[in-house]
Amino acid sequence: MLKTEELKAEIRRLCKEKDAIILAHYYTIGDIQDIADFVGDSLALARKAAETDAKAMVMCGVHFMAETCKLLSPDKMVLCPDLEAGCSLADSCKAEDLKKFKEEHPGYQVISYVNTTAAVKALTDVVVTSGNAKKVVDQLPKDAKLIFGPDYNLGNYINEVTGRQMLLWNGGCHVHERFSVEKIIELKKQYPDAVVMAHLECKAPVLAVADVKGSTATMLNYAQQSNKKQFIVATEAGILHEMQRTCPDRLFIPVPPEISESGLECSCNECQYMKMNTLEKVYNCLKNESPQIEIDPKIAKKAVKPIERMLELS
């Protein structure tokens, strides 16, 4: 078995040989981010997938992200290191359930968070990310009847800041749902000068105590431009790798979950699906050109339209 540095070198060699790029989400492990050609949040990764001239791409994230890459680059080879790397948020909204909900609410447009399957996107009018949701919603007619899903917390926040009354799907991210106000208050007592940053997938009480609310990219940009030295971060702990890399003189404190999945206290809140991406899996998928992402052409034809609309509006 190859050692870590040997694996990294082989991955880069295979990328050159196969004209492939590696895209990695901020929530993947540090070693994955270190060998990636591009690291970003969902919106940035979608844009990169649409722009790349490479023949192939490896999407190190979760399954819906690889699907998004394939929708935007149907003629390119899109590789996914582990097809089992799913998303609790995407799982909370099945296409058949959304179809039924739409039928029960005629005349409504559907805004779907990017954390959804291609089949759900095919039933959607426009896709959004946490970074552009407000901007997209603001551009829709004020009298438009809107369904927002599947993240209830993000939809609730957008309703609050836009004055809309969108119908909200009751879905959530298992990572961001585990943050609590109590844990943040405990950390704030230890670090009274720290800036509290929270992702928009967090519950309303958590967002209420945050100084900075936004996407991973929003939080990262704020930390890079701020003159503050300490930050309490309520999002998946993988983002701390990039924060620390670009801001080595600052302290980033991850907010632990209220109760971990094992029932034990732990120091950070992680997505087990994102962590399924490993260097060995990236190496094997490049070497074997498998597993590849394929999408039913009928679904793909419909699903790409709301993504393209998002890119136009954002």
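First things first, this report covers the structure right here in the doc. (Residues numbered from 1 in each chain as written. Predicted model: local features only at pLDDT ≥ 70, side-chain atom pairs only at ≥ 80, totals over all residues. Heavy atoms only, no water.)

1. Overview of the overall build of the protein chain
Counting its regular elements, the protein chain contains 15 helices and 12 strands. The C-alpha atoms of the protein chain give a radius of gyration of 19 Å, which matches the 20 Å a tight globule of 314 residues would have. For the protein chain, the spread of C-alpha atoms along the three principal axes comes to 55 × 50 × 35 Å. Across the 314 residues in the protein chain, those meeting the buried criterion constitute 55%. Residue pairs at least 24 apart in sequence account for 64% of intrachain contacts in the protein chain once pairs closer than 6 positions are excluded. Of the roughly 14,000 Å² of accessible surface on the protein chain, 49% is carried by carbon and sulfur atoms. Within the protein chain, the 44 negative side-chain charges are centred at a point lying 4 Å from the centre of the 39 positive side-chain charges. (Helix = DSSP H or I, 4+ residues; strand = E, 2+ residues; numbered from the N terminus. Rg over C-alpha atoms; globule rule 2.2 N^0.38 Å. Buried < 20%, exposed > 50% of the residue type's maximum accessible area, 1.4 Å probe, protein only. Contact = heavy atoms within 4.5 Å. Areas by Shrake-Rupley, 256 points an atom, 1.4 Å probe, with all protein chains shown as cover. Lys, Arg positive; Asp, Glu negative; His and termini not counted. Charge placed at Lys NZ, Arg CZ, Asp CG, Glu CD.)

2. Notes on the pairing of strand β5 (residues 109-113)
The element β5 is extensively covered by neighbouring structure, given that 4 of its 5 residues are classed as buried. Where β5 lies against strand β7 (residues 146-149), 4 bridges are found, and the strand directions are parallel. When the bridges of β7 are listed, I111 appears paired with F148. Here β5 pairs with strand β6 (residues 126-128) via 3 bridges, running parallel. For I111, the partnering residue across the bridge sits in β6 and is V126. (Pairing = 2+ DSSP bridges.)

3. Examining the pattern of salt bridges
Under the definition given, this model contains 14 salt bridges. Between K99 and E103 there is a salt bridge whose closest N-O contact spans 2.8 Å. A residue pair is termed a helical-turn pair when its members lie 3 or 4 positions apart in one helix, as K99 and E103 do in helix α6 (residues 95-104) at 4 residues. Between E236 and K275 there is a salt bridge; the shortest N-O distance is 2.7 Å. Of the two residues, E236 is situated in the loop between β11 (230-234) and α13 (239-246) and K275 in the loop between β12 (251-254) and α14 (279-288); the sequence distance between them amounts to 39 residues. Look at K275 and you get partly exposed, because its relative accessible area is 21%. (Salt bridge = Lys/Arg side-chain N within 4 Å of Asp/Glu carboxyl O.)

4. Examining the sheet that holds β6
The 4 strands are arranged β6-β5-β7-β8 in an open sheet whose pairing can be described as parallel. Lying at the two open borders of the sheet, with one neighbouring strand each, are β6 and β8 (167-168). Along the sheet, helix α15 (residues 297-313) contacts β5 and β6; its crossing angle with β6, the most-contacted strand, is approximately 60°. (Axes fitted to C-alpha atoms, helices over the stretch in contact; angles between N-to-C directions.)

5. Comments concerning the pairing of β12
Direction of pairing for β11 relative to β12: parallel, over a ladder of 4 bridges. Across the sheet, Q230 pairs through a bridge with L251, a residue of β12. For the segment spanning β11, α13 and β12, crossover handedness is right-handed. (Right-handed = clockwise from strand over helix to strand, strands pointing away.)

Just distances and angles here, no functional claims.
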